[in-house]
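Each chain is listed here by its residues.
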Amino acid sequence: MDGQPRGPHFGEQDRRLSYGSYLAVDELLSLQRLLSDPPAHDELLFIVVHQAYELWFKLVLFELGSARDAMFADDTTLAHHLLRRVHTVEEVLIEQIGVLETMAPVDFLEFRQNLAPASGFQSVQFREIEFLSGLKDERYLSRLVLDDAQLERLRARLAEPDLWDAFCALLTERGLPMPDDDPRQRAATLHEVLRKMHEHPEEFALAEALLTHDELFARWRYHHVLMVERQIGSKTGTGGSTGASYLRTTLGKRFYPELWAARSDL
Ligand code: HEM
């Protein structure tokens, strides 16, 4: 050995690619456009946190779609691997709420009036995650203000199979029937999987991974409404809803009610 590194000299290939150009850092850093003038101190925080959410949502959608496809391909190892990644990102999404909670309510009021009628309610990727996870509600197509491309994305999500469809298909393929039109049979199958994890280890692990995804999303909803109450109390939302009281009506949403219900019958 002459001490020289073998193989390609990373970073030296004709010196065209750089950290900044690969990651489009200049473009990324030019996207935080404050509306307040003079700038309100906390508006940068507010924008960065929301943009970070949308980036993470993009990854969550990509991984959930891949996990669904893996289940259709009967690849439980890959599906489980990707769902674990999603869980870790979801933990980050919950943690990230704490960053916004460092904002004092009066500091938020400095720029909040500029935001209406914009609201997280209009996050298209958030609805895509709900739809892809199994919570399909086409009423959002008319409730949200969408351009043609966004409308098309949501329509496609409504039409395509979701994670629950893929999970049911995988179990059925493996001799554990999950028929669309027979809830009692589905309950019996889930009972079997949850009762006999040693006989159905892969199916059990997937069922638990889906439940964890559901639980983490529900935890995000709880933390979000607490943060909202902390910031604006009982004021109405910039999106025009009743605010925290509207958000409390969403806390019972679940992607996989049958997995939750199965616990009661064990
Ligand atoms: C100071 C911070 C925040 C406040 C005061 C706030 C407030 C609200 C309110 C009042 C609503 C109900 C709709 C409305 O009338 O506007 C809402 C919905 C929503 N917000 Fe936030 N929010 C904050 C931060 C965030 C962040 C960081 C996200 C991350 C993307 C987010 C995502 C959402 C989503 C997805 C909904 C719709 C929930 C549903 O309909 O199930 N919010 N928010």
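Attention in this report is confined to the structure presented alongside it. Worth saying up front: this structure is predicted, and the values here are computed from it rather than measured.

## A look at helix 3 (residues 43-72)
Taking 1.5 Å as the rise per residue, helix 3 with 30 residues should run 44 Å; its terminal C-alpha atoms sit 44 Å apart, in good agreement. One or two residues past the end of helix 3 sits Asp-74, with phi positive at roughly 65°.

## Quick word on the packing of helix 4 (residues 76-100) against helix 11 (residues 201-232)
At a closest axis distance of 10 Å, the pairing of helix 4 and helix 11 adopts a crossing angle of 10°. By the angle between their axes, helix 4 is roughly parallel relative to helix 11. Viewed along their axes, helix 4 and helix 11 form a crossing whose handedness is left-handed. Grouping the amino acids of the contact of helix 4 with helix 11 by side-chain chemistry returns 15 nonpolar, eight polar and four charged.

## Structural notes on the nonpolar core
Grouped together as the largest cluster of nonpolar side chains are 59 residues, with contacts concentrated most on Leu-64, Met-71, Trp-164, Phe-167, Leu-190, Leu-210 and Leu-259. Per-element tally for this core: the top contributor is helix 11, with 13 residues. Look past the residues within four positions of Met-71 in its chain and what remains in contact with it is Ala-79, Leu-163, Ala-166, Phe-167, Leu-170, Leu-206 and Leu-210. Core analysis: the next-biggest nonpolar cluster, separate from the first, contains eight residues, Phe-131, Leu-144, Leu-146 and Leu-151 among them.

## A look at the environment of Asp-162
Mapped onto the fold, Asp-162 is located in the loop between helix 8 (148-159) and helix 9 (163-173). Taking the C-alpha atoms as reference, Asp-162 lies 9.8 Å from Ile-129; in sequence the two are 33 residues apart. Excluding anything up to four places from it in sequence, Asp-162 contacts Arg-68, Phe-131, Leu-132, Ser-133, Gly-134 and Lys-136. Polar contacts involving the side chain of Asp-162 include one to the main-chain amide nitrogen of Trp-164, which spans 3.0 Å.

## Description of the side chain of His-200
Note that His-200 resides in the loop between helix 10 (183-195) and helix 11. Contact partners of His-200, with chain neighbours within four places excluded, come to Leu-176, Glu-192 and Val-193.

## Quick look at the side chain of Ser-36
Note on placement: Ser-36 falls in the loop between helix 2 (25-29) and helix 3. Judged by its relative accessible area of 9%, Ser-36 is buried. In this structure the side chain of Ser-36 is engaged in a polar contact, spanning 2.7 Å, whose partner is the backbone nitrogen of Ala-40. Among the polar contacts listed, one links the side chain of Ser-36 to the side chain of Glu-43, at a separation of 2.5 Å. Ser-36 has contacts with Glu-43, Phe-111 and Asn-114, leaving out every residue within four places of it along the chain.

Basis of the calculations
- Residues numbered from 1 in each chain as written.
- Predicted model: local features only at pLDDT ≥ 70, side-chain atom pairs only at ≥ 80, totals over all residues.
- Heavy atoms only, no water.
- Helix = DSSP H or I, 4+ residues; strand = E, 2+ residues; numbered from the N terminus.
- Expected span 1.5 Å × (residues − 1).
- Axes fitted to C-alpha atoms, helices over the stretch in contact; angles between N-to-C directions.
- Parallel < 35°, antiparallel > 145°, perpendicular 65-115°, else oblique.
- Left-handed = near helix turned anticlockwise from the far one by under 90°.
- Nonpolar A, V, L, I, M, F, W, Y, C, P; charged D, E, K, R; others polar.
- Core = buried A, V, L, I, M, F, W, Y, C linked by side-chain atoms within 4.5 Å.
- Buried < 20%, exposed > 50% of the residue type's maximum accessible area, 1.4 Å probe, protein only.
- Contact = heavy atoms within 4.5 Å.
- Polar contact = N/O pair within 3.5 Å; in protein donor to acceptor, adjacent residues only side chain to side chain.

Honestly, that's just the spatial picture; any functional story needs more than this.
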